[in-house]
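Chain by chain, the residues:
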Amino acid sequence: MTDTSKTDVSDLSDSSFLVQLVYPAMQKLGLDIDRIVDECRISPELLKDRSARFPHAAQARFWRVLEEVSGDPHIGLTIADMVQVYRGQVLEYLFLSSPNFGEGLKRAQNYQRLVTDAMQFELLIDEPNSRVRLDFAGQDDPYLRHRNECFARFLIRYFQAVTDGAFKAKSVTFDHSPVGDTSAYERCFECPVSFDAPEQSLIFSSDILATPSSHAEPDLLKLHEKLASKQLERLAKQDVVANVKTVIAEILELGQPSLEGISERLGMNERILRARLTEAGTSFNQVLADYRCILAKRLLARTDESISDVVYLTGFSEPSTFYRAFKRWTGQTPVEYRQLKQSSDSEKTAH
């Protein structure tokens, strides 16, 4: 199992499914949705497109904003108890069409990246108790305890649903410290909860692994595994795009990146890299333009860098070339874009 705690969080992403899962729960709680969407930069695409991904690094900001808006020090647990258990994801179908709970867990373990890169679960079978060990990335930020607690609580609810109530956690362990009285956690998880533990895990009786699925169907199982494999292949193609963006970020200030130079840095044949990008539905020039556009907009909106410095930082050799490109990307000049963003931010601050 990959140790996600040692992985660079900036390289990890989550499925938009997670946002779509939590969004209705936030509405039910009566939270300030506009503020959450604005401060967490939740795009309309994340709320509609199930194939979209977003950087996992945004999770810490998301949970910080949710705690501030709700005033709830256990907002992760609150959200986990309000989200829908079934949302039509392929991992759900893999579970339901597997012969029993244990087989469903093993299959889901192979495809968990479809939900997130930043959490790995591993089934460790023993007698009389087995456990699902949860390995989360980015443990340094204190607000990520909400993420960990939300995942753990949601998994218990989900396991109970797919076993028709047979799943019962004997104990839960977290590697972070509790907030407030631990009895609140035990009421939520309905079992003993330990903190500052060596690992995060859900412990349960091994007998539960043999719980048959009332929806087991061999033919459907093959179909669902095929679908899950195709979705993993699509993610692998997107990985190539992410790798190209990473190298572009590293060398952009040095001048105009080239396909030849990028492929050399990636240790990949230029023709193969071009083909991989085509398979991912894009091209090198498009990836470069998209990266420059996002970087330029971020620098103009969130920093006081001069326009000449923005030209340099986005890898353009001439201001005129940058101005033409930016106008093509946004329909505005860099100065107009900055003024509009600064005006918008001032209005928000005033309110």
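Caption draft 1: Representation of the packing of aromatic side chains in the model. A complete count under the given rule lists 21 aromatic pairs for this structure. Here Tyr-158 and Phe-159 contribute two aromatic rings whose centre-to-centre distance is 6.4 Å and whose plane-to-plane angle is 55 degrees, an arrangement assigned as tilted. Residue Phe-159 is classed as buried on the basis of its relative accessible area of 2%. Put simply, the rings of Phe-95, Phe-101, Phe-154, Tyr-158, Phe-159, Phe-167 and Phe-204 pair up and form one aromatic cluster. Just above the ring of Phe-316 sits the side chain of Arg-292; from NZ or CZ to the centre is 4.1 Å.

Caption draft 2: Structural context of the pairing of strand 4 (residues 129-136). Relative to strand 4, strand 3 (residues 119-124) runs antiparallel, the two sharing 6 bridges. If you follow Gln-120 over to strand 4, its bridge partner there is Asp-135. Both strand 4 and strand 7 (residues 200-205) contribute to a ladder of 6 bridges, which runs antiparallel. Counterpart to Val-132 in the pairing with strand 7 is Leu-202.

Caption draft 3: Expanded view of the sheet that holds strand 6 (residues 193-194). Spatial ordering of the open sheet is given by 3-4-7-5-6, a layout of 5 strands whose pairing is mixed. Two strands bound the open sheet, and with one partner strand each, they are strand 3 and strand 6. Relative to strand 7, strand 5 (residues 169-173) runs antiparallel, the two sharing 4 bridges. Its bridge partner being in strand 7, Ala-169 is matched across the sheet by Phe-204.

Parameters at a glance
Residues numbered from 1 in each chain as written. Predicted model: local features only at pLDDT ≥ 70, side-chain atom pairs only at ≥ 80, totals over all residues. Heavy atoms only, no water. Phe/Tyr/Trp six-rings, centres within 6.5 Å; stacked < 30°, edge-to-face > 60°. Buried < 20%, exposed > 50% of the residue type's maximum accessible area, 1.4 Å probe, protein only. Lys NZ or Arg CZ within 6 Å of the ring centre and 35° of its normal. Pairing = 2+ DSSP bridges. Helix = DSSP H or I, 4+ residues; strand = E, 2+ residues; numbered from the N terminus.

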